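So the chains spell out like this:
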Amino acid sequence: MTSRPTAAGEVAPASAGEAARQSCHACGAGGLVAFYEVGGVPAQTCVLLDSAHEAEAYPRGEILLAYCGSCGFIQNVRFDLALVDYSKPTEESQAFSPRFTEFASRLADELVHQHGLDGKTVLEVGCGKGDFLELLAERGIAFGLGIDPGYLPNRDEADTSRVEYRREWYGAGDTHLTGDLVLSRHLMEHVPNVGEFFGWLVESAMQTPGSVMFTEVPDTTRVLAEGAFWDVYHEHCSYFTLGSLARALRAAGMTVTGLRYGFDDQYLLAQSVPGAGGEVREEEDTPDQIAELAEHFARVTADRVGHWRSTIADVQAGGGAVAVWGGGSKAAAFLTSVEADDVTVVDINPHKQGKWLPGSAVEVRSPEVLLEVRPDLVIPMNPIYVDEISTDLDSMGLAPRVEAL
Ligand SMILES: [Zn+2]
């Protein structure tokens, strides 16, 4: 008989035992420590569906987050790859936000400049729709190869003469693919077998003398420190901090040559080169610090869920309307966890509008709908966009309370 969790996020005793029997996917050490459990979440939060019916019927998965005491890596031990379908078109691209576009554009400049990529080659594993590879092509790389099972032929008219895409998985049989830069952005958080996968990427990098590897993943330090439960998704099976990312790269035989935060400290950016024996960098956190943060996350999550449930209920009880700004993964996770009804969800990305979020089954609409809804509270799903959103609301003549996650 299994006991059920009693509060939002609390780990049941049987689940703690389940995690203790698992091994770390980054370093292989046994005895993981579970700290957060939630069931009935959308199997994939980044998908958008065509109807309310499809959104309601969408598969659900479970989350049991556990950390490794040896390396600090965090994984969802209940991740079920069978529930996740990356071959279907998803809408992960943030390319429609000026703020994100600027970040990507500056990063492309930096990579081309720092590594002298003019006339060189790039392999991007998990290239999504190819937006970033095309930025690199515009900046003079000779050739870019992108590989992603969810790649879709270009929807706009960008110049694709120096890029090639393969709509498939990258795996053990693809380590002959290589480039002067081996790039993965927002891929590794979706990869369960982190240690093995990094090993393949290192083999790819080693095919080109002098190759550099660049890895970008969401930062988990902030998620843990802020109790940001809306940033925990079933399909994000792997969670990194500066320290655990660097340790995973070293374990795969890389020397970490650059390690920092980016995009207002929301992402981790690591540069590494093939070769074992690199020093621990001063930016790295320790496994003990991660363990402490994980325990902190467990304590504050229940409070945070409670805060948002009562904030939304208070506005609605007074006859007011609530809108969520940002129709992506955060909105799907947030609305599922706080179990909010009658919330309007808007997004500036026209490709998301008219689609439905999995789990909560809410339609994503154009921000213009707020002229009719006249919300009293707008909740931006990402604090980085608060200024952008406030400007948009202002230009519509609306002045709701704006409280970001
Ligand atoms: Zn580990």
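The structure under discussion appears in the preceding block.
Quantities reported herein were computed from a predicted structural model and do not represent experimental measurements. (Residues numbered from 1 in each chain as written. Predicted model: local features only at pLDDT ≥ 70, side-chain atom pairs only at ≥ 80, totals over all residues. Heavy atoms only, no water.)

Draft legend 1. Here's a closer look at the coordination of the zinc ion. Within the protein, the atoms that donate to the zinc ion are Cys24 (SG), Cys27 (SG), Cys68 (SG) and Cys71 (SG), at distances of 2.2 to 2.4 Å. Coordination at the zinc ion comes from 4 donor atoms whose angles at the metal span 104 to 115°, giving a geometry best classed as tetrahedral. Counting gaps between the donor residues of the zinc ion yields the pattern C-x2-C-x40-C-x2-C. Taken as a pair, Cys24 in the loop between α1 (13-20) and β1 (33-42) and Cys71 in the loop between β2 (60-67) and β3 (74-76) lie far apart in primary sequence, 47 residues in all. By relative accessible area, which is 5% here, Cys24 ends up buried. (Donors = N, O, S within 2.8 Å, 3.2 Å for Na, K, Ca; no water. Tetrahedral: all angles 85-135°; square planar, octahedral: opposite > 155°, others 65-115°. Helix = DSSP H or I, 4+ residues; strand = E, 2+ residues; numbered from the N terminus. Buried < 20%, exposed > 50% of the residue type's maximum accessible area, 1.4 Å probe, protein only.)

Draft legend 2. Geometry of the sheet that holds strand β12 (residues 322-325). Here 5 strands make up an open sheet; going across it, the order is β14-β13-β12-β15-β16 and the pairing parallel. Edge positions in the open sheet fall to β14 (364-365) and β16 (401-402), since each of these has one partner strand only. With 4 bridges joining them, β12 and strand β15 (residues 377-380) adopt parallel strand pairing. Within β15, the residue paired with Val324 across the bridge is Ile379. (Pairing = 2+ DSSP bridges.)

Draft legend 3. Representation of the pairing of strand β11 (residues 267-274) in the model. When you tally the buried positions in β11, you get 6 out of 8 residues, the bulk of the element. Inspection of the sheet shows strand β8 (residues 212-218) paired to β11 by 6 bridges, in the antiparallel sense. From the neighbouring strand, Met213 faces β11, where its bridge partner is Ser272. The hairpin turn running from strand β10 (residues 254-262) into β11, its antiparallel successor, is 4 residues long, and Phe263 in that turn takes a positive phi close to 55°.

Draft legend 4. Main features of the nonpolar core. If you look at the biggest cluster of nonpolar residues, it comprises 44 residues, and the most contacted ones within it are Met188, Phe197, Phe198, Leu201 and Phe240. Broken down by secondary-structure element, the contributors of at least two residues to this core are β2, β4 (121-125), β5 (143-147), α5 (194-206), β8, α7 (242-251), β10 and β11. Broken down by element, this core gets its largest block of residues, 7 residues, from α5. Setting aside chain neighbours within four positions, we find Met188 in contact with Val194, Phe197, Phe198, Leu201, Thr215, Val217, Ser238 and Phe240. (Core = buried A, V, L, I, M, F, W, Y, C linked by side-chain atoms within 4.5 Å. Contact = heavy atoms within 4.5 Å.)

Draft legend 5. Molecular detail of the side chain of Lys330. Relative to the assigned elements, Lys330 resides in helix α9 (residues 329-338). Aside from chain neighbours lying at most four places away, what touches Lys330 is Arg222, Trp230, Asp231, Tyr233, Met381 and Asn382.

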